[in-house]
Amino acid sequence: MHLNSNLFSPLVLPNGISLPNRLVKAAMEENLSNENLEPDVSLWNLYEAWAKGGVGTLITGNVMVDHRAMTGPGGVVLEEGSSLIGFKRWAETVKSNGTKIIMQINHPGRQILAKLGGNVWAPSAISVDIGNLSKLMGKPKAMEESEILETIQRFVTTAKLAENSGFDGVEIHAAHGYLISQFLSPLVNQRTDKWGGSLENRSRFLMEVVQSVRKSVKAHFIVSVKMNSSDFQKGGFQFEDAIQVIKRIQTLGVDFIELSGGNYEAPAMQGVSRDGSTLAREAYFLDFAREVTKMATVPIMVTGGIARKQIAETVLESGVSLVGVATALALHPNLPNDWKENRNPISKLPLPNWKSKTLVGLATMAMVRYQLQRLAEKKAPKVTIYPWFRLLADQLRLARLTKRYRRWMEKSGV
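Criteria and cut-off values
- Residues numbered from 1 in each chain as written.
- Predicted model: local features only at pLDDT ≥ 70, side-chain atom pairs only at ≥ 80, totals over all residues.
- Heavy atoms only, no water.
- Salt bridge = Lys/Arg side-chain N within 4 Å of Asp/Glu carboxyl O.
- Buried < 20%, exposed > 50% of the residue type's maximum accessible area, 1.4 Å probe, protein only.
- Helix = DSSP H or I, 4+ residues; strand = E, 2+ residues; numbered from the N terminus.
- Expected span 1.5 Å × (residues − 1).
- Polar contact = N/O pair within 3.5 Å; in protein donor to acceptor, adjacent residues only side chain to side chain.

Asker: Is there a simple way to explain the pattern of salt bridges in this structure?
Answerer: Side chains carrying opposite charge are able to pair once their charged atoms draw close together. Enumeration according to the criterion identifies 16 salt bridges in this entry. For Lys141, the salt bridge identified is with Glu147, shortest N-O distance 2.8 Å. Between Lys379 and Glu377 there is a salt bridge, with its nearest N and O atoms 3.0 Å apart. What makes Lys379 partly exposed here is its relative accessible area of 42%. Among the charged side chains, a salt-bridge network with shared partners connects Asp66, Arg68, Glu79, Glu150 and Arg154.

Quick look at the structure:
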């Protein structure tokens, strides 16, 4: 019989801040901003449901550091000139329950849909390869040095604005094939200047972002990093690379490191790899995390498929400090409270048996987003759904949001 004390014991981070328990709502892209790319009642309602559900820390879906580069329509942007009113309310709503809230900050780099427009920047001009669907992605341009430096500064600006809005910290998104992850990958980063080539050079962008953010915020403001354990692609960023990068970033004043994996080309974060490795189980990235904890001097968080209390406890017993839960909290916002009472509700989304891994990934995201929309409307989640119908409905909704974003871009003269 496991005692509740493990999952529900507090964790003091290196900067002295105490997280209420070991359960973290990991980031899921919500696509719930208002027409000005700001958070409003939809996001407040959604995060209030999770805060009341007993999770100790909430990490937001990715907030963009540049309105010209969006991971998807309906995303939130926080940059110089943004109104902080909605952000302050977002933080207050969560913190009123004693829960901590951390803003995930991100730049998508080359992972931008062509129809969104904007700046499709990457370390090198190498397009995303998702087979027949590749044409849906924007054509990337290799970044100039000035654009690299500007983007580092944007991460800093967004972090400072998050602090000013009352957030407890930021998580720098260096996973899932977004811009920082692209710099780390030898497949995408084929530069020959100081930003490419050796692992030291490929990790320079991440190091600069982490150091610059840490310097610009108060000591008690949490700075964390989300990193791939691997890209799960042959010739890509590998486990051994990740170990070396973690050794370096943990010396820069980060408070915890979240481990995930994959990208658009190999969506390992949904249990799908491209290099033949098996991920069809809960806690996909736990084996790697066990290795990391042997050398880590900062708390490690693992996310990826965790849906049952016994798995969450196994993660902690392996030496990992924080358990990231995502989809299970979209289906059961009250899950931590249920676990505390030794209830273990289980419901799963239907998994489509389709050939295209990309379409399966899109359908899975569509089904999760549908749950988030229901929670935002104060409705209960619903898992008796058809994947193809939800995929179609989601595409139609995203098309509407894309038009709205393009109108906003025109209006703001970009």
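Now that the structure is up, let's keep going.
Asker: Explanation requested: helix H6 (residues 204-216) in the structure shown.
Answerer: Each α-helix winds once per 3.6 residues, and so residues spaced three or four apart point in a common direction. Taking 1.5 Å per residue, 13 residues should reach 18 Å; H6 reaches 18 Å between its end C-alpha atoms and fits that length. Within H6 the residues assigned to the buried category are Phe205, Leu206, Met207, Val209, Val210, Val213 and Arg214.

Asker: Sorry if this is basic, but what is going on with the environment of Asn119 here?
Answerer: Relative to the assigned elements, Asn119 resides in the loop between strand S7 (100-106) and strand S8 (121-122). Considering only alpha carbons, one finds Asn119 and Gly109, 10 residues apart in sequence, at a separation of 8.1 Å.

Asker: Help me understand the side chain of His67, please; the structure alone is not making it clear to me.
Answerer: You can see His67 is positioned in the loop between strand S5 (63-64) and strand S6 (76-77). Within the local environment of His67, its side chain forms a polar contact with the side chain of Glu79, the two groups lying 2.6 Å apart.

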